[in-house]
Amino acid sequence: MKFFIDTANLEQIKEAQDMGILDGVTTNPSLMAKEGITGTNNILKHYVDICNLVDGDVSAEVIATDFEGMVKEGEALADLHDQIVVKLPMIKDGVKACKYFSDKGIKTNMTLVFSPGQALLAAKAGATYVSPFIGRLDDISTDGLNLIAEIRMIYDNYGFDTEILAASVRHTMHVIDCAKLGADVMTGPLSSITGLLNHPLTDIGLEKFLADYKKGN
Ligand code: G3P
């Protein structure tokens, strides 16, 4: 399972990268705004800064909602760095733009996916990644993890190679459950990754090992 971090915060990206377990980064306009990155030039520069920090794919989202606009923006994003993945919204023109980019060999991530039918369309359009938002489904009392299971079944039925990128992951159990269900990738906050480290028996055991070592030295 690939681990992506869902943030535009350079310190957090660096921390995950330094652990040696980071496979990529996802961003969106809200995450950019949260870091105070505004204005096209600053946003484009920030994407390059992120690419220079990590070894893997970096999803950069278009703002346009029409096909021509998405193509123009997506091409500019893809030209920034070879790690950029063009992130497109799950609307009709987004699907069309996904097909356009996949035909050109440019990686894509279809975002704001909330149903198996949307995921099927993303795969048909040749998306590199599909991003089902599990946390936001949980927020409205719908089972986000069930969507991962349904997409896994559909993609396996037909051998689609679009990778299931479980998004809107909020905590460690989302990560573990997505891994059990066979999601190819998860993207979440740094806490959902570092939280996987925690176990009281690890802390107690380490404390005892160190205390016993001190007794003999
Ligand atoms: O990857 C999608 C993500 O940014 C949305 O997460 O927590 O805002 O639902 P959240």
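Our subject is the structure that appears above.
Residues numbered from 1 in each chain as written. Predicted model: local features only at pLDDT ≥ 70, side-chain atom pairs only at ≥ 80, totals over all residues. Heavy atoms only, no water.

### Examining the site of the ligand
Thinking step 1. Surrounding the ligand, one finds Asp 6, Asn 28, Phe 133, Arg 136, Ala 167, Ser 168, Arg 170 and Thr 187.
Thinking step 2. Side-chain polar atom of Ser 168 to an oxygen atom of the ligand: 2.7 Å apart, as the coordinates give it.
Thinking step 3. Arg 170 places a polar side-chain atom, nitrogen or oxygen, 2.8 Å from an oxygen atom of the ligand.
Thinking step 4. Considering the ligand on its own, with 310 Å² of exposed area, one finds that the protein chains cover 81% of that surface.
Thinking step 5. Looking at side-chain class alone, the shell around the ligand contains 2 nonpolar, 3 polar and 3 charged residues. (Near = heavy atom within 4 Å. Polar contact = N/O pair within 3.5 Å; in protein donor to acceptor, adjacent residues only side chain to side chain. Areas by Shrake-Rupley, 256 points an atom, 1.4 Å probe, with all protein chains shown as cover. Nonpolar A, V, L, I, M, F, W, Y, C, P; charged D, E, K, R; others polar.)

### Some remarks on unusual backbone geometry
Residues apart from glycine generally show negative phi values, whereas peptide bonds are mostly found in trans.
Thinking step 1. For Leu 112, which is not glycine, the phi dihedral falls at a positive 60°.
Thinking step 2. For Leu 112, the position within the fold is in strand E5 (residues 108–113).
Thinking step 3. The phi dihedral of Ser 168 is positive, around 60°, even though this residue is not glycine.
Thinking step 4. According to the relative accessible area criterion, Ser 168 is buried, its value standing at 10%. (Helix = DSSP H or I, 4+ residues; strand = E, 2+ residues; numbered from the N terminus. Buried < 20%, exposed > 50% of the residue type's maximum accessible area, 1.4 Å probe, protein only.)

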